[in-house]
Amino acid sequence: MTATRQRRLQERARRSVSSNPGLCLESIEQLLRNGAADREFLVLRANALRNLGQYSQAGVLYRQLFEQNPGDHSLALESISCFLRCFDYTAIKDLLPDLVESPPKSEKGLVVCIRAAQALRQSSLALQLCEKLVEKAPGDPVHRCKLGTLYQSFGQMGQAEEEFLAALEIDIDYEPAWYFLAQLRKYSSDDNHLAELYYFLERQSQNGTGASAVHYAIAKECEDLGRYDDAFEHMNKGAQQMRRRSGYGVEADQRLFKELQDWFAGSNPMDTTLPQPEGPVFVLGMPRTGSTLADRILSSHSEVSSVGELMCFRRAVEELCASGGHQDFFSHFFAQAPRQLPYHEIGARYLDMVSPLHGEQRYFIDKMPMNYVFAGLIARALPGARFIHTIRNPMDTCFSNFKQMFGEGYYGYSYDLESTAVHYKLYRDLMAFWHQHLPGRIYDLEYERMVADPEGESRAMLSWLGLDWQERCLQFHRSSTAVHTASVSQVRQPIYRDSVEKWRKFGHHLQPLQQALESVSQAS
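Just so it is clear, the model here is predicted, and its values are computed rather than measured. (Residues numbered from 1 in each chain as written. Predicted model: local features only at pLDDT ≥ 70, side-chain atom pairs only at ≥ 80, totals over all residues. Heavy atoms only, no water.)

1. Looking at the overall build of the protein
Broken down by element type, the protein carries 25 helices and five strands. Taking 524 residues into account, the globule formula puts the C-alpha radius of gyration at 24 Å, and the protein, at 25 Å, falls close to it. Projected onto the principal axes, the alpha-carbon positions of the protein cover approximately 80 × 60 × 45 Å. Relative to its full complement of 524 residues, the protein shows a buried share of 52%. The contacts in the protein between residues at least 6 apart in sequence include a share of 70% that link residues at least 24 apart. A total accessible area of about 23200 Å² is found for the protein, and carbon and sulfur atoms account for 47% of it. Both charge centroids of the protein, one from 56 positive and one from 65 negative side chains, sit 4 Å from each other. (Helix = DSSP H or I, 4+ residues; strand = E, 2+ residues; numbered from the N terminus. Rg over C-alpha atoms; globule rule 2.2 N^0.38 Å. Buried < 20%, exposed > 50% of the residue type's maximum accessible area, 1.4 Å probe, protein only. Contact = heavy atoms within 4.5 Å. Areas by Shrake-Rupley, 256 points an atom, 1.4 Å probe, with all protein chains shown as cover. Lys, Arg positive; Asp, Glu negative; His and termini not counted. Charge placed at Lys NZ, Arg CZ, Asp CG, Glu CD.)

2. Quick notes on the nonpolar core
In terms of nonpolar packing, the biggest core is built from 147 residues, with Ile 80, Tyr 89, Phe 313, Tyr 350, Trp 434 and Leu 510 touching the most fellow members. Considering each element in turn, this core owes the most residues, nine residues, to helix α22 (residues 417-437). Excluding residues that lie within four positions of it along the chain, Leu 510 makes contacts with Phe 232, Met 395, Phe 399, Leu 417 and Trp 503. (Core = buried A, V, L, I, M, F, W, Y, C linked by side-chain atoms within 4.5 Å.)

3. Quick look at the sheet that holds strand β1 (residues 280-284)
Read from one edge of the open sheet, five strands run β2-β3-β1-β4-β5, paired in parallel fashion. Two strands lie at the open edges of the sheet, namely β2 (304-306) and β5 (442-446), each paired on one side alone. Here the average twist between neighbouring strands, direction ignored, is 25°. As defined by bridge partners, β2 adjoins strand β3 (residues 363-366) across three bridges and the pair is classed as parallel. Bridging across to β3, Val 304 finds its partner in Tyr 363. Against the sheet, helix α16 (residues 291-299) contacts β1, β2, β3, β4 (386-391) and β5, and its axis sits at roughly 140° relative to β2. Helix-sheet contacts for α22 involve β1, β4 and β5, and the interaxial angle to β4 is about 150°. (Pairing = 2+ DSSP bridges. Axes fitted to C-alpha atoms, helices over the stretch in contact; angles between N-to-C directions.)

4. Digging into the packing of aromatic side chains
For the coordinates displayed, the defined rule picks out 23 aromatic pairs. Ring plane angle 70° and centroid distance 6.5 Å describe the contact between Tyr 248 and Tyr 413, whose orientation is recorded as edge-to-face. Taken together, the residues span a long stretch of sequence, with Tyr 248 in the loop between α14 (228-246) and α15 (250-266) and Tyr 413 in the loop between α21 (394-402) and α22 at a distance of 165 residues. Residue classification places Tyr 248 among the partly exposed positions, given a relative accessible area of 24%. A network of ring pairs unites the aromatic residues Phe 282, Phe 313, Tyr 350, Phe 364, Phe 374 and Phe 387 as a single cluster. The residue whose ring lies beneath Arg 380 is Phe 264, and the NZ or CZ to ring-centre distance is 3.8 Å. Positioned above the aromatic ring of Trp 464 is the side chain of Arg 386, whose terminal nitrogen or guanidinium carbon lies 5.3 Å from the ring centre. (Phe/Tyr/Trp six-rings, centres within 6.5 Å; stacked < 30°, edge-to-face > 60°. Lys NZ or Arg CZ within 6 Å of the ring centre and 35° of its normal.)

5. Section: helix α3 (residues 39-51)
Each α-helix turn comprises 3.6 residues. Residues three or four places apart therefore point the same way. Across its 13 residues, α3 extends 18 Å between first and last C-alpha, which sits within 8% of the 18 Å expected from 1.5 Å per residue. Among the structural elements, α1 (3-19), α2 (21-33), α4 (55-68) and α5 (73-85) are those in contact with the buried residues of α3. A positive phi of about 85° marks Gly 53, the residue just after α3. (Expected span 1.5 Å × (residues − 1).)

6. Focus: the pattern of salt bridges
With the rule as written, the count across this model stands at 26 salt bridges. The shortest N-O distance in the salt bridge between Arg 45 and Glu 29 comes to 2.7 Å. Here Glu 29 lies in helix α2 and Arg 45 lies in helix α3, a separation of 16 residues in the sequence. One salt bridge connects Glu 318 with Arg 315, and the closest N-O pair in it is separated by 3.6 Å. With Glu 318 and Arg 315 both in helix α17 (residues 312-320) and three residues apart, the pair spans about one turn of that helix. (Salt bridge = Lys/Arg side-chain N within 4 Å of Asp/Glu carboxyl O.)

7. Description of the pairing of β4
Among the six residues that make up β4, five are buried, leaving the element largely enclosed by the rest of the structure. Of the strand pairs in this sheet, β1 and β4 are connected by four bridges, and their pairing is parallel. Among the inter-strand pairings, Val 283 is bridged to a residue of β4, identified as Ile 388. Pairing geometry for β4 and β5, over five bridges, is parallel. Note on β5: the bridge partner recorded for Thr 390 is Leu 445.

8. Some details on the side chain of Asp 396
Mapped onto the elements of the fold, Asp 396 is located in helix α21. Buried and unpaired, Asp 396 has no salt bridge, with Arg 392 as the nearest side chain of opposite charge at 4.4 Å. Looking at Asp 396, its side chain comes within polar contact range of the main-chain nitrogen of Trp 503, at 3.2 Å. (Polar contact = N/O pair within 3.5 Å; in protein donor to acceptor, adjacent residues only side chain to side chain.)

Put into C-alpha cells, the structure is as follows:
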C-alpha cells in the first residue's frame, strides 16, 4: 500500500467513525491487513464496533488495549461500558477492581464505575463511589438524585430525602427529583409538596412542555392525603403523556402471544437427558404483584441468593439465535429460529452470564417479571429451572400498573386502562398455556393469601422448592441488602395488608377497567 493510499484510508476512518462506522471499520481492516497496527487504528476499530452495536467485540478489543496500556483507564472504562451493554458480568468483574483501586478522576468515569458496581450487585461499592461523585460535583442534580436513590435502596430514607431536596435546591425544575421525593414516604395534610408541585405545573404549562413525572408525583401525594379524585386526574394526565411517547399498540402483543404459543407447540423439545444443575428460580408475572416480596422472602433463606431483575436470558437467545441487536427482537426470532433451537447452549450461556452474580447457594433467583413471556423457552433451555408466578387480584394488578411510571421503553400497555386490561387477559391466557405444557414446574403465589398468612404461604413456597423453614424468611425487612425496584420502600416494612383491594378507593374512575376484566378469573 502506498503512503498516499494509507493516509487517505486513515483520514476516511477518522471522519466516518461516528457518521458511518461500517465504512470506518472497512477502512481500518484494509490498514490492518497491510501491516498498519498503530494504537490509533485499533482504538478507531473498537470505536466503530461499539457504534455498530457490536458491544462484545468492542469490549474485548478495548480490554486488550487496556492490558497493553494499563495506565490508560479510559480504555478500561470504554470496555466496561460495552460489557454492560451485553451483560458480560465476568468481564466487568475482572476489570472493575483496577478502577476502584484508583478511582477515575472524571465524573463520566465514576458514573461508569457506579453502573458497573450496581450491575454486579455490589451496592455498597456503588454507594461509596456515588458519594465520591457528589463530592466532586455537588452542583449536579442528576448525581444528587442518583445518590438519593442509592440511599433509598438501603433503607436510609432520611439521607435519601436530603439528596432529593439538595437536587431541587440546585434546580427547582429538575423533574425526577420531585418524583423520587413523592415516592419516598407517605405524606400528610401538614407535610407534603403539593403547593410546589402545582406551581411547577403552572410554570411548565406556560413553557408549553410536559411534566409526566410531576403528574405522577402529585397523584402519589394526593392519594396519601385521601384526595382520590385529584390523584386519579393526575395519574391519568401523566399516563397520557407517557402513552404518547411510548408508541405502544396492543395489536403487537396480541400477535406476539399467539406466535409464542404456536411456536412452542410446533417446535421440538430439547434432550432432557443432558445433565442440568439445580439452581435457577424465575420469579415472574405482571409487575406490582408481589414479585419483590417473594424475592426478599426467598433470598432471606440461607440456601438462596438473588441476582435481581436481569435481561440475561434474552441476551443469551440473541447471541445464539442470530437476533442480537435487532430492534424488533421477537419478529426476528420467529423468522430465524430453527425448529430445533440450541436449547442446551442457550441454557449454558445464561448460566455462564449470571455466574458472577450469585454465590454457592442451592438456588438463585432471577426476578425479571416479563420473563413469563420466555417461560417455555427457559423451561427447555434449563430443565432444572423452576418458576414462581406471582398473582394478584386483577383489578389491583391492572390499577397498580396504571398508576406506576415505569422506565422509558417498558410496559407501554400500562399507560392506558383499556390496553392494560387487554394485556392482562393475554398474559393470563399465556400463563394458562405454560401451566398446561409445563406441569409441575410453575408455582402460583397469590399475593392476597401471602399477606393474610405470611408464614403459612412462605412455608408452602419453600417446601415446593424442597427447602426447610427458617424464621429469618419473615424478617426480610431487616435485611441490609439493597433493593432496586418500585417496591423499595414497602419491603423495608413487615408484611401488611393495606394494598389489598386498594383500587376500590378510586371506585367510579375504574368502572371501565372493572367491566373489561369481569370475564377474567383470578385463578389460573
